Amino acid sequence: MAVLDIRQRAGWLFLAVIVAHIVLISAQVNTRRGVPMLEAFTFGIFAEVQRGATSAVNQVQDGWQNYFALQQIRHENESLKQEVAQLQVRLQQERALAEQSRALQGLLALHDESKLETTGANVIGGAPSPEFRTMTIDKGSREGLRPDMAVISPAGVVGRVIMPSGRAAKVQLLIDRNAAAGAIVERTRAQGVVVGLGTDRLRMDYVAGSAELKPGDRVVTSGIDGIYPKGFVIGQIESVQRGGGDFSGIVIKPAVDFSSLEAVLVVTTPQSEFPADTETDAAGVKTNATSAAGTPATPAVTTPAKPVAAPAAHATAPAKPAPATPAASAESAPESTEAGEER
Amino acid sequence: MKAAAVLVGIALALALQTTVARFIVGGTAAVDLVLVAVVYVALTTGPVSGLLAGSVAGLIQDALSSGVIGIGGLAKSIVGFLVGAIGQQFIVTAPLPRLVMFVAATAVHALVFMGLYMALGLRMFPAAWQAVVGQALGNALVGMVAFAIIESVPGFVERRRMGRRARH
């Protein structure tokens, strides 16, 4: 049976016999270097085996070391991530502090430049309804705030105090549809009334048809309303429309970004003590007070919905602030329910 | 039984090779009786037997000679295997195929044997072709005669038996 198996595997047997003979021959024959061929062959084969084994061992060793190194790196990575997170938090805190400092510096500069008594306040709340453009500040009657005090920021006019409580106050923003302010175009000294639209834009009304206006002109407070000190920036004319010789629409882009207000200044100087001229506006721009004061006609300060007086009727308003403030006018208008609610 | 017969045949061939063959052709090894025996075994029994027979015979021949042990065994192993394989695939009972087989086997053997020696730088073989051709013809002749003798033995024995029975 064994012989039969061998006969069936003649090829393998042939190979084995040949190999055996080669091995036998190799054991007796030396190479040119004098080394037995079998030894050289065996060494060569074994060297390759050693090379492979060493390579495998090295790979395993490297893998093991890399695994440990990876674990160490993982721990290091985690601690670095934590450190980065902490640093990011600190960075945000520092940025917030820097931003706050910058804002306070701006307010301080504004305070110094306006020559008005002001008190800083932080915004602690917004409007409870989208129909009303108001905000709440953290200063109230205890700090001397009263209704109709102007609220300004380094960028420009913000609004006025409409309802102070003991420790807080509601401020009507200039963009509220019931807000208004006496305004003057800085370049041409054309005067008018800036009214809120309830959007992020303002409209300037009661501008003489002969006035020369163009987009980009800066509009500042005229001071005739008795609320806002003169020379504070309201915004820039965005577009001008004429209809029949008169201005049908002057759209103003406010200088203040009302959506990002964090701190403001409340002008606590009594209205009667407003400086006669303001040399520098909120943005640090020199204003020609003499020219402004010499403006022959100032518009009435009233609500856009119900202007109660012609512009000429309040020509003397700057010297003696008219009692009819925009809000007061709105209050007097029975149709203006929103103003009534604010009040 | 067959293995023993093969071994006996190889031993006989070796004995003849070392004693008688050198007297046949003036001292030159013009015939390799061991190779003839291996080819005969391979042709009659197959590749495995031819392989084993060639291996054993070649190793013994190498051991008895002063050469490298294994080269002759390797050469005769290859020859025995190839001849046995061919003998199983083709009909080589006619004289001419057998003659061709002997010549081819001698050529392959010489190629492997001399080639290995020369490749290893152990020995040179001047005028190898002539020696190979002469040996091939000698092996073929001896092999043919051997086949004829061996194949005639059974008939000869039978005829002698029949003659004895007829006399009695």
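Whatever comes next refers back to the structure up there.
By convention here, each chain's residues receive numbers from 1 onward along its written sequence. By the order in which they are written, chains take letters starting at A while ligands take numbers starting at 1. Residue-level local features of this predicted model are given only where pLDDT is at least 70; pairs of side-chain atoms are given and counted only at 80 or more, and the full residue set underlies all totals for whole chains, interfaces and linings. Side-chain measures here rest on the full set of heavy atoms in the structure, leaving out hydrogens and waters.

A.B. asks: Looking at this structure, how should I read the overall build of chain A?
C.D. replies: Numbering goes from the N terminus for both helices and strands, where a helix is a DSSP run of H or I of at least four residues and a strand is a run of E of at least two. Helix and strand counts for chain A stand at six helices and twelve strands. Using a 1.4 Å probe on the protein chains alone, a residue whose accessible area is under 20% of its type maximum counts as buried, one over 50% counts as exposed, and one in between counts as partly exposed. Taking all 343 residues of chain A together, the buried fraction comes to 38%. For chain A, long-range pairs separated by at least 24 residues make up 58% of all intrachain contacts whose partners lie at least 6 apart in sequence. Accessibility throughout is a Shrake-Rupley quantity obtained with a 1.4 Å probe, and a residue counts as covered only by protein chains that appear here. Approximately 18900 Å² of chain A is accessible, and the part contributed by carbon and sulfur atoms is 55%. We call two residues in contact when some of their heavy atoms are within 4.5 Å.

A.B. asks: How do you make sense of the environment of A:Gly243 when you look at a structure like this?
C.D. replies: One can find A:Gly243 in strand E10 (residues 233–243). Residue classification places A:Gly243 among the partly exposed positions, given a relative accessible area of 38%.

A.B. asks: It is not clear to me how the pattern of salt bridges should be interpreted in this structure. Could you clarify?
C.D. replies: Where charged atoms of side chains with opposite charge meet at close range, the side chains can pair. Think of a salt bridge as a Lys or Arg side-chain nitrogen and an Asp or Glu carboxyl oxygen that are within 4 Å of each other. The full count for this structure, using the stated rule, is eleven salt bridges over all chains. Close ionic contact of B:Arg98 with B:Glu151 constitutes a salt bridge, the shortest N to O distance being 2.5 Å. Here B:Arg98, found in helix H6 (residues 95–119), pairs with B:Glu151, found in helix H7 (residues 128–167); they are 53 residues apart in sequence, far enough to count as distant. A salt bridge links B:Arg161 to B:Glu158, with the shortest nitrogen-to-oxygen separation between them at 4.0 Å. In this pair, B:Arg161 and B:Glu158 are both assigned in helix H7, three residues apart and thus about one turn of the helix distant. The class of B:Arg161 is partly exposed, set by a relative accessible area of 46%. Relative accessible area serves as the criterion here: at 37%, B:Glu158 is assigned to the partly exposed category. Linked through salt bridges whose partners overlap, the residues forming this network are A:Arg187, A:Glu212 and A:Asp217.

A.B. asks: Would you mind going over the nonpolar core with me for this structure?
C.D. replies: Across soluble globular proteins, nonpolar side chains show a tendency to be buried alongside one another. Here, nonpolar core means buried Ala, Val, Leu, Ile, Met, Phe, Trp, Tyr and Cys residues that are tied together by side-chain atoms lying within 4.5 Å of each other. Ranked by internal contacts, the top residues of the largest apolar core, which has 45 residues, are A:Met135, A:Ile137, A:Val158, A:Met204, A:Val219 and A:Ile234. Looking at this core, the element that brings in the most residues is strand E12 (residues 263–267) of chain A, giving five residues. When near neighbours in sequence (up to four residues on either side) are disregarded, A:Ile137 contacts A:Ala121, A:Asn122, A:Val123, A:Ile124, A:Leu145, A:Arg167, A:Ala168, A:Ala169, A:Val171, A:Val264 and A:Val266. Residues A:Ile18, B:Ile71, B:Ala75 and B:Val132 belong to the second largest nonpolar core, which totals 15 residues.

A.B. asks: Even after reading the chapter, I still don't get the interface of chain A and chain B, so can you show me in this structure?
C.D. replies: Accessible area lost when the parts come together is the quantity often used to give the size of an interface. Opposite the 15 residues of chain A that make contact, chain B presents 19 residues. At the boundary of chain A with chain B, the tally comes to zero salt bridges. Here a polar contact is recorded for every N or O atom pair within 3.5 Å, except that within protein the pair must consist of a potential hydrogen donor and a potential acceptor, and residues adjacent in sequence are included only if both atoms are side-chain atoms. Our enumeration of links across chain A and chain B arrives at two residue pairs in polar contact (both at pLDDT 80 or more). Elements represented by at least two residues in the side of chain A that touches chain B include exactly helix H1 (2–8) and helix H2 (10–28) of chain A. Element by element, the count of residues in the side of chain A that touches chain B is highest for H2(A), at eleven residues. Here the side of chain A that touches chain B is built from residues that sort into eleven nonpolar, three polar and one charged. Amino acid classes used here: Ala, Val, Leu, Ile, Met, Phe, Trp, Tyr, Cys and Pro are nonpolar; Asp, Glu, Lys and Arg are charged; the rest, including Gly, are polar.

A.B. asks: What am I meant to see in a nonpolar patch on the surface here?
C.D. replies: All names here are of chain B. A surface patch of nonpolar side chains, about 600 Å² in accessible area, is lined by Leu141, Val145, Ile149, Ile150, Val153, Phe156 and Val157. Position of Ile150 relative to the elements: it lies in helix H7. On the basis of relative accessible area, Ile150 is assigned to the partly exposed category, the value being 37%. For patches, a residue must show more than 30% relative accessible area and have no salt bridge; joins then use 9 Å for like charges and 5 Å for nonpolar side chains, namely Val, Leu, Ile, Met, Phe, Trp and Tyr.

A.B. asks: Which parts of the structure should I look at to understand the pairing of strand E1 (residues 118–125) of chain A?
C.D. replies: Residues in a regular strand project their side chains so that they alternate between the two faces of the sheet. All names here are of chain A. Only strands that DSSP links by at least two bridges are regarded as paired with each other. Judged from the five bridges that link them, E1 and E12 form a sheet pairing that is antiparallel. Counterpart to Thr118 in the pairing with E12 is Val267. The sheet contact formed by E1 and strand E2 (residues 134–137) spans two bridges and is antiparallel. Within E2, the position partnered with Gly125 by the bridge is Thr136.

A.B. asks: For this particular structure, what's the right way to read helix H3 (residues 33–45) of chain B?
C.D. replies: At 3.6 residues per turn, the α-helix brings residues three or four places apart onto the same side. Residues and elements named next belong to chain B. In this analysis, the expected span of each helix is defined as 1.5 Å times one less than the number of residues it contains. Given a rise of 1.5 Å per residue, 13 residues ought to cover 18 Å, and the 18 Å separating the end C-alpha atoms of H3 matches this to within 8%. Burial analysis of H3 places eleven of its 13 residues in the buried class, the great majority of the element. Every buried residue of H3 is accounted for by Leu33, Val34, Leu35, Val36, Ala37, Val38, Val39, Val41, Ala42, Leu43 and Thr45. The N-cap of H3, judged by a side-chain oxygen 3.2 Å from the amide nitrogen of Val34 a few residues on, is Asp32. Immediately beyond the C-terminal end of H3, within one or two residues, lies Gly46, with a positive phi of roughly 120°.

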